[in-house]
Amino acid sequence: MKRSTFAFALLAVSLGALPAAADNCGEPPLTVPSIPDDGGQLTADELREARDTVIAYSNSVDAYLACMDERMVKLSPYMTKDQYARWTEDSNALHDGRRDLQIKLNEAIRAYRRAQG
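Reading the values: the criteria
Residues numbered from 1 in each chain as written. Predicted model: local features only at pLDDT ≥ 70, side-chain atom pairs only at ≥ 80, totals over all residues. Heavy atoms only, no water. Helix = DSSP H or I, 4+ residues; strand = E, 2+ residues; numbered from the N terminus. Buried < 20%, exposed > 50% of the residue type's maximum accessible area, 1.4 Å probe, protein only. Contact = heavy atoms within 4.5 Å. Core = buried A, V, L, I, M, F, W, Y, C linked by side-chain atoms within 4.5 Å. Disulfide = S-S within 2.5 Å. Salt bridge = Lys/Arg side-chain N within 4 Å of Asp/Glu carboxyl O. Expected span 1.5 Å × (residues − 1).

A.B. asks: Can you walk me through the overall build of the protein chain in this structure?
C.D. replies: A count of helical and extended segments in the protein chain gives 3 helices and 0 strands. Mapped in sequence order, the helices and strands of the protein chain form the string α-α-α. The proportion of buried residues among the 117 residues of the protein chain is 27%. Pairs at least 24 residues apart make up 86% of the contacts formed inside the protein chain by residues separated by at least 6 positions.

A.B. asks: Would you take a moment to explain the environment of Gly97 for this structure?
C.D. replies: Counting through the fold element by element, Gly97 comes out in helix 3 (residues 81-116). According to the relative accessible area criterion, Gly97 is partly exposed, its value standing at 33%. Taking the C-alpha atoms as reference, Gly97 lies 8.9 Å from Val32; in sequence the two are 65 residues apart.

A.B. asks: What is the right way to look at the nonpolar core in this model?
C.D. replies: Looking at soluble globular proteins, one finds that nonpolar side chains tend to be buried together. Formed by 20 residues in total, the largest nonpolar core has its most connected members in Ile35, Leu47, Tyr64, Leu94 and Leu105. Broken down by secondary-structure element, the contributors of at least two residues to this core are helix 2 (44-75) and helix 3. Broken down by element, this core gets its largest block of residues, 10 residues, from helix 2. Setting aside its immediate chain neighbours within four residues, Leu105 contacts Ile35, Leu47, Ala50, Arg51 and Val54.

A.B. asks: What's the story with the state of the cysteines in this structure? I'm lost.
C.D. replies: By definition, a disulfide links the sulfur atoms of two cysteine residues through a covalent bond. Scanning all chains against the criterion turns up 1 disulfide. Note that Cys25 is cross-linked by a disulfide to Cys67, the S-S spacing being 1.9 Å. In this structure the cystine formed by Cys25 and Cys67 twists about its S-S bond by roughly -85°; its chirality is therefore left-handed. Of this pair, Cys25 sits in the loop between helix 1 (2-22) and helix 2 while Cys67 sits in helix 2, and the two are 42 residues apart along the sequence.

A.B. asks: Looking at this structure, I do not really get the pattern of salt bridges. What am I missing?
C.D. replies: Opposite charge on two side chains permits pairing when their charged atoms draw close. As enumerated under the stated definition, the model contains 6 salt bridges in all. Residue Arg48 is joined to Asp45 by a salt bridge in which the shortest nitrogen-to-oxygen separation is 2.8 Å. With a gap of 3 residues between them, Arg48 and Asp45 both fall in helix 2, about one helical turn apart. For Asp96, the salt bridge goes to Arg99, with nearest N and O atoms at 3.3 Å. Of this pair, Asp96 and Arg99 both sit in helix 3, separated by 3 residues, roughly a single helical turn. With a relative accessible area of 30%, Asp96 lands in the partly exposed category. One network of salt bridges, with partners in common, ties together Asp96, Arg99 and Asp100.

A.B. asks: Can you help me understand helix 3 in this one?
C.D. replies: Each full turn of the α-helix corresponds to 3.6 residues, which orients residues three or four apart in the same direction. With 36 residues, helix 3 should reach 52 Å at 1.5 Å per residue; the first-to-last C-alpha distance of 52 Å fits that figure. Listed as buried for helix 3 are Trp87, Ser91, Leu94, Arg98, Leu101, Leu105, Ala108, Ile109, Ala111 and Tyr112. Tucked inside the fold, the buried residues of helix 3 contact helix 2. One or two steps after helix 3, the chain reaches Gly117, where phi turns positive at roughly 105°.

Spelled out as structure tokens, the structure:
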């Protein structure tokens, strides 16, 4: 009898700690760098700075998503379908936003190169 009570208490404590473990990844990267719309008006230094900030942002998104994927392996058995769907939507939105930013940077680089001749 004591064994089953102990096992149940251990399970309850473990399940209660799982959401707290997911917090170790912190908040998703929220500070999205801005890319000027007209890349042809940028200087080489401004374009290089924009590229560096996009790379840093992209790296932070990669680190966050990798961390959350590790947490998801542990948490997914305890999630409802709605919770899993929301996690998937949030992860996809973060990835898609990063991809859109990278596309915008590439367009600015092309505009800069066209303006240079």
